[in-house]
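Summary of structural features
Listed below, chain by chain, are the residues.
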Amino acid sequence: MSNEKKQQGFAETCGGIFGACLPLIVMLGSILVMAAVGMRSTKNFWAAGFFAVMTGFLVYKDKKRFQDAIIEGATDRTFGFMLCCFLIAGVMSKILTSSHLVSGLLYVLAKLHVSAGLIPILCFVICMVLSTATGSAAGAMTTTAPVMLPLAFEMGCNINLVCGAILAGSCFGDNLAPISDTTIASSLSQEVDVTRVVRARLKYALVAGAISIVLYLVFGFVMVGDGVANTLTVDGTYVSSLAFLILPVLIVVIMLRGGGLFTALLISELLGLVMLLLFGFETPASLVDADGLIYNAFNGMINSSIFILFIFIMVSIVKNAGVLDALLNWMRKFAGSERSAEIAGGAMVTLMSVAISSGTSAIAFCGPIIRQLMRPFKVDRARSANILDGLGCGMGYLVPTNPGCLQLAGFAVAAGAVSEGYSAISFVGFNFHSMALFVVFWIAILTGWGRTHETDEDLARDGIVVEEAPVR
């Protein structure tokens, strides 16, 4: 194994491939142990990341190579963009909290006698529409969570259920939207047009979405508190704060016009800060105070940001040691028929989503290998792209250490709906859409539902020449 790793440019580790896997094993094992004994705060998980780094240091034979792997993970472009968006998104959450927008919305809902049992399904549908329109799960969460989480808390809703609904609706668009990064990555890796992939994906997404809607309606009323906001205890003092609804709307509009999440956040927050000053909700001093709005905004997101840093470092450590490459090569041995190839590909992206804690990263990494697995069988490339994306989003958003889950937990803390120690472990079990996606696509793999094939002529039109499928 050592000679093979040298030839492929991988770092040598004590204990061979098992030693290379140890940082990942230690990190996941530490998280599971801490969660089992009730230590479920993201701050606790910092220790798991640190233990993984220490383990990597011990098993790497070349300490300079280990240092390079650390730097590679910490300077990852995706991590840098994600960190900036997390911190800036925390400011938006605090702006909307300080605006008393929730009080204004609560008054309106009370006057309309809207049941608290409908809040989870409203969150799911709103995020479903926003994420599909913008192609961004992060954008949907950033727009919805700062408004709906405090509102749900005041109305007596189960916060875990509401967080699960927001996450699920955001996952819907991330999986289906033509402009989503996962849709684009899954399509390009399978050498197929995005539009064709989305058309083929629609039936799977709608089945999973219908299941989710039913579950959020049922659980919404079963798990609600007193059921309806009380008009006697909610006055109209902050009705004027409804003007701050322009901020999440502006985020969506800018993103739809191609501005990007970071640009949309900064422009909307500039307007939001001016509005806070004009409405008299904040003063220049309170914005920059040591315990003011901006400090609390960044502080509320720092827990998740540090843990995500450890995730990127851990992935870099095991990747440079050849773990991911070895796992993928091992999975390829099972691709003897189109069904077994789909099973191997599905298992691959599922395992990678758990190991990397990110469906998007797993899709990008596994896509080229899954294309090679499926290529000889001439299974419709759109189907391969859908399996890749469906299981990546399905499993990826069920991992508590997924960046989106950590971001949402940070929003819940920043909004004051939960205590400081809140973590995604509390709400991923209510992400019904990801669960439904996972089940729907595994049923499709095992039963062959939706499996079609392409002819040589179909492939030739896209400039693809495929060798004959192996004998089954």
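From a predicted model like this one, the values you see are computed outputs, not experimental measurements.

Analysis parameters
- Residues numbered from 1 in each chain as written.
- Predicted model: local features only at pLDDT ≥ 70, side-chain atom pairs only at ≥ 80, totals over all residues.
- Heavy atoms only, no water.
- Helix = DSSP H or I, 4+ residues; strand = E, 2+ residues; numbered from the N terminus.
- Rg over C-alpha atoms; globule rule 2.2 N^0.38 Å.
- Buried < 20%, exposed > 50% of the residue type's maximum accessible area, 1.4 Å probe, protein only.
- Patch = residues over 30% accessible without salt bridge, like charges linked within 9 Å, V, L, I, M, F, W, Y side chains within 5 Å.
- Areas by Shrake-Rupley, 256 points an atom, 1.4 Å probe, with all protein chains shown as cover.
- Salt bridge = Lys/Arg side-chain N within 4 Å of Asp/Glu carboxyl O.
- Polar contact = N/O pair within 3.5 Å; in protein donor to acceptor, adjacent residues only side chain to side chain.
- Contact = heavy atoms within 4.5 Å.
- Expected span 1.5 Å × (residues − 1).
- Bend = angle between axes of the 7 residues up to and from the residue.
- 1 Å grid on protein atoms, 1.4 Å probe; cavity = no way out; pocket = protein on both sides within 12 Å on 5 of 7 lines; lining within 4 Å.
- Points joined across faces, edges and corners; volume = space filled by probe spheres on them.
- Nonpolar A, V, L, I, M, F, W, Y, C, P; charged D, E, K, R; others polar.
- pLDDT = per-residue confidence, 0-100.
- Axes fitted to C-alpha atoms, helices over the stretch in contact; angles between N-to-C directions.
- Left-handed = near helix turned anticlockwise from the far one by under 90°.

What follows is about the overall build of the protein. On a plain count of helices and strands, the protein comes out with 22 helices and zero strands. Relative to the 2.2 N^0.38 estimate, which gives 23 Å for 472 residues, the radius of gyration of the protein is 23 Å and therefore close to what a compact globule would have. Overall size of the protein, expressed as C-alpha extent along the three principal axes, is 75 × 50 × 40 Å. Looking at the protein as a whole, 55% of its 472 residues qualify as buried.

All right, on to a nonpolar patch on the surface then. Residues Leu118, Leu122, Ile126, Ile213, Leu217 and Phe221 make up a contiguous nonpolar surface patch of roughly 440 Å² in combined accessible area. If you list the elements that add at least two residues to the nonpolar patch, you get α7 (119-134) and α11 (194-222). With three residues, α11 is the largest single contributor of residues to the nonpolar patch. Along the chain, Ile213 turns up in helix α11.

Attention shifts here to the pattern of salt bridges. Counted according to the given criterion, the structure contains ten salt bridges. Among the ionic pairs, Glu454 bridges to Arg196, the shortest N-O distance being 2.8 Å. Taken together, the positions of Glu454 in the loop between α21 (432-447) and α22 (456-461) and Arg196 in helix α11 put the pair 258 residues apart, joining distant regions of the chain. Overall, Arg196 belongs to the partly exposed group, its relative accessible area being 24%.

Before going further, it helps to examine the side chain of Thr350. Checked against the element boundaries, Thr350 lands in helix α17 (residues 338-356). Within polar-contact distance, the side chain of Thr350 engages the backbone oxygen of Gly346 at 2.7 Å. Sequence-distant contacts of Thr350, that is, excluding residues within four places in its chain, are made with Leu391, Met395, Phe438 and Trp442.

With that out of the way, let us pick up helix α8 (residues 137-154). When the terminal C-alpha atoms of α8 are compared, their 25 Å separation across 18 residues agrees well with the 26 Å that a helix rising 1.5 Å per residue should span. Maximal helix bending in α8 amounts to about 45°, located at Ala145; proline Pro146 follows within four positions. One or two positions beyond α8, positive phi appears at Gly156, with a value near 80°.

What follows is about the layout of surface pockets. Size it by volume and the largest pocket reaches roughly 1200 Å³. Contributing to the lining of the largest pocket are 43 residues, with Thr78, Met82, Asp181, Ser358 and Thr360 lying nearest its centre. Looking at the lining of the largest pocket, the elements that each hand over two or more residues are α4 (63-74), α5 (77-98), α8, α10 (181-189), α15 (293-320), α18 (359-374) and α20 (403-414). Across the lining of the largest pocket, the residue classes tally to 21 nonpolar, 16 polar and six charged.

Another point: the confidence of the model for the protein. Averaged over every residue, the pLDDT of the protein is 84; the share at 70 or more is 93%. By mean pLDDT, the top-scoring element of the protein is α21 (96), and the lowest-scoring one is helix α1 (residues 2-8) (54).

Turning our attention to the packing of α17 against helix α19 (residues 381-396). Running from N to C, α17 and α19 point in directions that differ by 30°, and their axes come no closer than 9 Å. With respect to the hand of their crossing, α17 and α19 are arranged in right-handed fashion. Here Glu342, Gly346, Val349, Thr350, Ser353 and Val354 of α17 come into contact with α19, specifically with Arg383, Ile387, Leu388, Leu391, Gly392, Met395 and Gly396. Taken together, the residues that form the contact of α17 with α19 break down as six nonpolar, five polar and two charged.

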